[in-house]
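Next come the chains, spelled out residue by residue.
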Amino acid sequence: MPHHDTPPPRTGNSEAQVLRGFLDYLRSRAAAKLDGAPEPQVRAAGVPSGTNLLGLVNHLAHVERATFLGERGIHWPSTFRAAPTDTVADVLARYRDAVERANAVLDAVDDLGAPLPHPDAPTARWALVHLIEETGRHAGHADVLRELVDGATGR
């Protein structure tokens with residue numbers, strides 16, 4: 001049973017550096033839970049609600065796109081399931097693409113108190129804190145689900 005522990009990052013001192021540092025750390029930890037995860041167990045419901053490892057990362061990709069890119073019309077319950085044809089690599093690629101595109105938006109932010117550049121957008125600060133909370137919550141779920149899949153533990 002592999003155990004890999006990656007402690008929280010040391011970040012810069014500004015508010016933006018701290019928030020982005022922790023968000024990137026949590027993003028990497030959530031994605032790492034899929035690395036080497038076996039099929040079909042990665043789709044197996046680990047709890048009665050049906051939550052599964054692949055679905056959690058699929059969901060996080062949608063959250064990134066909705067929050068930072070303004071994607072609308074998302075049916076949230078369906079985001080917790082990857083398509084039957086999706087591979088682990090497909091879901092990871094979509095998640096990493098969403099993160100890259102979100103980071104490009106954040107790179108252009110000078111004022112955390114200003115709204116993100118899409119209609120009805122929250123402030124950059126609110127979006128960062130929300131994504132830290134959302135990603136941290138689901139990364140914790142992924143920790144438990146991955147351990148149930150193949151015994152792998154750690155952050």
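Residues numbered from 1 in each chain as written. Predicted model: local features only at pLDDT ≥ 70, side-chain atom pairs only at ≥ 80, totals over all residues. Heavy atoms only, no water.

**Q** Please clarify how the overall build of the chain should be interpreted in this entry.
**A** What the chain contains, in helices and strands, is four helices and zero strands. In sequence order, the chain lays out its α and β elements as α-α-α-α. In terms of overall dimensions, the chain is globule-like: its C-alpha atoms have a radius of gyration of 16 Å, near the 15 Å expected for 155 residues. Taking the principal axes of its C-alpha atoms as reference, the chain extends roughly 45 × 35 × 25 Å. Buried residues in the chain amount to 42% of all 155 residues. For the chain, the share of sequence-separated contacts (at least 6 apart) that also reach a separation of at least 24 residues comes to 68%. (Helix = DSSP H or I, 4+ residues; strand = E, 2+ residues; numbered from the N terminus. Rg over C-alpha atoms; globule rule 2.2 N^0.38 Å. Buried < 20%, exposed > 50% of the residue type's maximum accessible area, 1.4 Å probe, protein only. Contact = heavy atoms within 4.5 Å.)

**Q** In this structure, what is going on with the packing of helix H1 (residues 15–32) against helix H2 (residues 53–69)? I would like to understand it.
**A** The packing of two helices is summarised by the inter-axis angle and the distance between the axes. Across the interface, H1 lies against H2 with an axial gap of 11 Å and an inter-helix angle of 150°. Classified by the angle between their axes, H1 and H2 sit roughly antiparallel to one another. On H2, the residues that touch Leu 23, Arg 27 and Ala 30 of H1 are Val 57, Leu 60, Glu 64 and Phe 68. Tallied by class, residues from the contact of H1 with H2 come to five nonpolar, no polar and two charged. (Axes fitted to C-alpha atoms, helices over the stretch in contact; angles between N-to-C directions. Parallel < 35°, antiparallel > 145°, perpendicular 65-115°, else oblique. Nonpolar A, V, L, I, M, F, W, Y, C, P; charged D, E, K, R; others polar.)

**Q** Can you walk me through the environment of Ala 121 in this structure?
**A** As for its placement among the helices and strands, Ala 121 is situated in the loop between helix H3 (88–107) and helix H4 (124–150). Using a relative accessible area of 18% as the deciding quantity, one classes Ala 121 as buried. A sequence separation of 54 residues divides Ala 121 from Thr 67, and the C-alpha atoms of the two residues are 7.7 Å apart. If we ignore the near neighbours within four places in the chain, the residues touching Ala 121 are Pro 115 and Leu 116.

**Q** Explanation requested: the packing of H2 against H3 in the structure shown.
**A** Two elements in contact, H2 and H3, have axes separated by 9 Å at closest approach and are oriented at 20°. Considering the angle they form, H2 stands roughly parallel to H3. H3 is crossed by H2, and the crossing has left-handed handedness. Of H3, the residues touching H2 (which contributes Leu 54, Val 57, Asn 58, Leu 60, Ala 61, Glu 64, Arg 65, Phe 68 and Leu 69) are Val 88, Val 91, Arg 94, Tyr 95, Ala 98, Val 99, Arg 101, Ala 102, Val 105 and Leu 106. (Left-handed = near helix turned anticlockwise from the far one by under 90°.)

Just geometry here; none of it tells us what the structure is for.
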